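# Coordinates in review
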Amino acid sequence: MTEDFVTNEISKNSKKLRIVFMGTPEFAVPALKKLIEKYDVVAVLTKEPKPVGRKMILTKSPVHIVAEENNIPVLTPKSFKDPLNITNIQMYHPDMIVVCAYGLIIPEKILLEPKYGCINIHASILPKYRGANPIQRAVLNGDRMAGITIMSMDKGLDTGPMLLKEAIPVPQNMTYGELEQELSIIGSNLIVNYIDNRDNILPQHQTNEFTLAPKLEKGEEKINWQNTATNIHNLVRALNPRPYATFEHNGNTIKLIKSEVVNEQTDKPTGTVLNNKLDIACGKGTILRILSVQKSGGKIIDTKSFLNGYKIEIGEILK
RNA sequence: CGCGGGAUAGAGCAGUCUGGUAGCUCGCAAGGCUCAUAACCUUGAGGUCAGUGGUUCAAAUCCACUUCCCGCAA
């Protein structure tokens, strides 16, 4: 009924709902594209262009670029402390605001603005993993399942009522980057699914059994060979494609790009290099195989190539 | 002008400081050996030493500039 009304009012094109989209990284791009296809995305908010790389080139966010390609107005407020930034959003009269990995806390005044609410695409099965880094945490913890929750935002951090969920299995060797890519597609489908069926969806309140997914701290990327092979493998996966897990050897920092758990046991001390396939003894007698690495200043290479030009002796003990 | 590393055979590297025959570990090709292997033996092909200019009897190597690649930091 509501849709009919809107359709009649804007009968010139099939786009109906007026949406303001807020998002920043690649993860948000599939959702934005889907929304542009089906609805009327009247404005996009994203983080301001940042200097990036060795040459400090000002780089627009992936969302920023897609928005411009579609001739959608882009706003890049530094924060919402300035009331003018809030007024700017109100000017677009959004029916709904869709948020996906935006990077700024959104004040309640904006959350209450659109008549169909402020909807967030969150990359976990809430209430598990509230916070900034749910995908990485899921991989790091070796979760077998991950997913997306579409939720209605309130003033808390990922605490609002849940609207739609979808979970997928996480294969044992999937990296953070691969999982993020899959989830971003699922998120884009789910948000459209929600918008089209929103009249039939009942909000569900979150239970109190929540966990948090904080950002990774500096130092967490360093490999401790005392941990089990599975734990180290999860760290390697969770930090791929950035910033990668690392270990030290003769003063060189070596990034461990890909690994796998070897289904055998060893009685050698932890850190021992077991053979020329770079199987390493880890905690509790478990074994981790190093598949590809990167030296600083070098490219990502497989273990065999690496050993052709870099000496690691069998029997050496890595710290 | 944020800090740093690099470009040498298909891959990964040494050689550069101290100029003087283009090397190593692999891969590839051919042959041999083995019950067998990311095993071993023999032989072979494969290079504009990133580019341009300079110094020199002589430059991968020293000097200047250019292009491209990568790590850190944000």
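How each quantity is defined
- Residues numbered from 1 in each chain as written.
- Chains lettered and ligands numbered in written order.
- Predicted model: local features only at pLDDT ≥ 70, side-chain atom pairs only at ≥ 80, totals over all residues.
- Heavy atoms only, no water.
- Helix = DSSP H or I, 4+ residues; strand = E, 2+ residues; numbered from the N terminus.
- Buried < 20%, exposed > 50% of the residue type's maximum accessible area, 1.4 Å probe, protein only.
- Contact = heavy atoms within 4.5 Å.
- Near = heavy atom within 4 Å.
- Polar contact = N/O pair within 3.5 Å; in protein donor to acceptor, adjacent residues only side chain to side chain.
- Nonpolar A, V, L, I, M, F, W, Y, C, P; charged D, E, K, R; others polar.
- Axes fitted to C-alpha atoms, helices over the stretch in contact; angles between N-to-C directions.
- Parallel < 35°, antiparallel > 145°, perpendicular 65-115°, else oblique.
- Left-handed = near helix turned anticlockwise from the far one by under 90°.
- Domains from an automatic or database assignment.
- Buried area = accessible area lost by both parts, 1.4 Å probe.
- Salt bridge = Lys/Arg side-chain N within 4 Å of Asp/Glu carboxyl O.
- Pairing = 2+ DSSP bridges.

### Some remarks on the side chain of Thr272
- Among the secondary structure elements, Thr272 is positioned in the loop between strand S11 (252-262) and strand S12 (279-281).
- The buried category is assigned to Thr272, whose relative accessible area is 4%.
- Leaving out residues up to four positions away in the same chain, Thr272 has contacts with Asp279, Ile280, Ala281, Gly315, Glu316 and Ile317.

### Regarding helix H2 (residues 29-38)
- Turning to H2, its buried residues are Val29, Pro30, Ala31, Leu32, Leu35 and Ile36.
- The inward-facing, buried residues of H2 contact strand S1 (18-23), strand S2 (40-45), helix H3 (62-69), strand S6 (96-100), strand S7 (118-122) and helix H7 (176-197).

### Section: the protein's contact with RNA strand B
- Within the structure, RNA strand B sits among 17 residues, and Arg54, Lys255, Lys277, Ser305 and Asn308 are positioned closest to it.
- When atoms of RNA strand B within 4 Å of the protein are sorted by moiety, sugar and phosphate together comprise 45%.
- In this structure, Gly298 approaches RNA strand B through a main-chain N or O atom, which is 3.0 Å from a sugar or linking oxygen.
- At 3.5 Å from a sugar or linking oxygen of RNA strand B is found a main-chain nitrogen or oxygen belonging to Gly309.
- When its residues are assigned to classes, the surface near RNA strand B shows 4 nonpolar, 8 polar and 5 charged.

### Details of the packing of H2 against H3
- Following both chains from N to C, one finds H2 and H3 inclined at 20°, their axes separated by 10 Å at the closest point. Comparing the axis directions of H2 and H3 gives the class roughly parallel. For the element pair H2 and H3, the recorded crossing hand is right-handed. Between H2 and H3, the contacting residues are Val29, Leu32, Lys33 and Ile36 on the first element and Pro62, Val63, Val66 and Ala67 on the second.
- Residues belonging to the contact of H2 with H3 are distributed by class as follows: 7 nonpolar, no polar and 1 charged.

### Here's the deal with the domain arrangement of chain A
- On domain assignment, one finds that chain A holds domain 1 (3-200) and domain 2 (229-309).
- At the interface, 13 residues of domain 1 touch 10 residues of domain 2.
- Roughly 920 Å² is buried in total at the junction of domain 1 and domain 2, and carbon and sulfur atoms are behind 52% of that figure.
- It is Leu140, Gln172 and Thr175 in domain 1 that bury the most area against domain 2; as a group they hold 41% of the surface buried on that side.
- Counting across the domain 1 and domain 2 interface gives 0 salt bridges.

### Focus: the sheet that holds S6
- Pairing in this open sheet of 7 strands is mixed, and the strands run S5-S2-S1-S6-S7-S8-S9 from one edge to the other. Each of the sheet's edge strands pairs with one partner strand only, and the pair in question is strand S5 (74-75) and strand S9 (162-169).

### With respect to unusual backbone geometry
- Between Leu126 and the following residue, Pro127, the backbone shows a cis peptide bond with an omega angle of 10°.
- Position of Pro127 among the secondary structure elements: in the loop between S7 and helix H6 (134-140).
- In this structure, the amide linkage connecting Asn240 to the following residue, Pro241, adopts the cis form with an omega of 15°.
- Its place among the elements puts Pro241 in the loop between helix H8 (229-238) and strand S10 (245-249).
- Unlike most non-glycine residues, His93 shows phi in positive territory, near 45°.
- By the element assignment, His93 lies in the loop between helix H4 (83-90) and S6.
- Among the residues examined, His93 registers a relative accessible area of 54% and is labelled exposed.

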